Amino acid sequence: MKSITVEAVIQNVETVTEFVNAVLEENDCPVKVQMQIDVAIDEIFGNIAYYAYGNSCGNATIQIEIEKNLPGIVLTFIDQGMPYNPLENKEPDITLDIEEREIGGLGIFLVKKTMDALSYEYVDGQNVLTLKKAF
């Protein structure tokens, strides 16, 4: 397992993406899967950066583990921000015209649709969101 801890600011999305992509490329991850994971990083880390700490600052740790037997990836996002389970979000009604939809929720919806498994827990004062994707 490899991990990186960065300040939870939107400018670090690129740093996290580059870190994860380096591991994926070392393990011959298909481009389509890598692109789906990049979108997930953008959405999840972006939400942490914007909402986890309110007006204060904090860090986020991203852990990546390659599962050789599947093969696949386990990507875990950890922050010490306000407790928040994004998996409990009401799914957006994508049948409505864009003008009629409520703002927000599409990012998590997209992550749910493209990853194979997601789990959330709040443990020891930390939000822990885990994504799994086979490749």
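Residues numbered from 1 in each chain as written. Predicted model: local features only at pLDDT ≥ 70, side-chain atom pairs only at ≥ 80, totals over all residues. Heavy atoms only, no water.

Enquirer: Please give an account of a nonpolar patch on the surface that cites residues and values.
Expert: Residues Ile10, Tyr50 and Tyr51 make up a contiguous nonpolar surface patch of about 360 Å² in total accessible area. For Tyr50, the position within the fold is in helix 2 (residues 31-52). Judged by its relative accessible area of 55%, Tyr50 is exposed. (Patch = residues over 30% accessible without salt bridge, like charges linked within 9 Å, V, L, I, M, F, W, Y side chains within 5 Å. Areas by Shrake-Rupley, 256 points an atom, 1.4 Å probe, with all protein chains shown as cover. Salt bridge = Lys/Arg side-chain N within 4 Å of Asp/Glu carboxyl O. Helix = DSSP H or I, 4+ residues; strand = E, 2+ residues; numbered from the N terminus. Buried < 20%, exposed > 50% of the residue type's maximum accessible area, 1.4 Å probe, protein only.)

Enquirer: For the packing of aromatic side chains, give the residues involved together with the corresponding values.
Expert: According to the stated counting rule, one finds one aromatic pair in the structure shown. Note on Tyr50 and Tyr51: the rings are 6.2 Å apart at their centroids and 55 degrees apart in plane angle, and the pair reads as tilted. For the pair Tyr50 and Tyr51, one class covers both residues: exposed. (Phe/Tyr/Trp six-rings, centres within 6.5 Å; stacked < 30°, edge-to-face > 60°.)

Enquirer: Account for unusual backbone geometry, naming residues and giving values.
Expert: Here the amide bond leading from Leu70 into Pro71 is cis, since omega sits at -15 degrees, within 30 degrees of zero. A positive phi angle, close to 55 degrees, is found at Asp28, a residue other than glycine. In this fold, Asp28 is placed in the loop between helix 1 (13-26) and helix 2. Taking relative accessible area as the criterion, Asp28 reaches 66% and is therefore assigned exposed. One non-glycine residue with positive phi stands out, namely Asp124, at about 50 degrees. Position of Asp124 among the secondary structure elements: in the loop between strand 4 (117-123) and strand 5 (126-134). With a relative accessible area of 74%, Asp124 lands in the exposed category.

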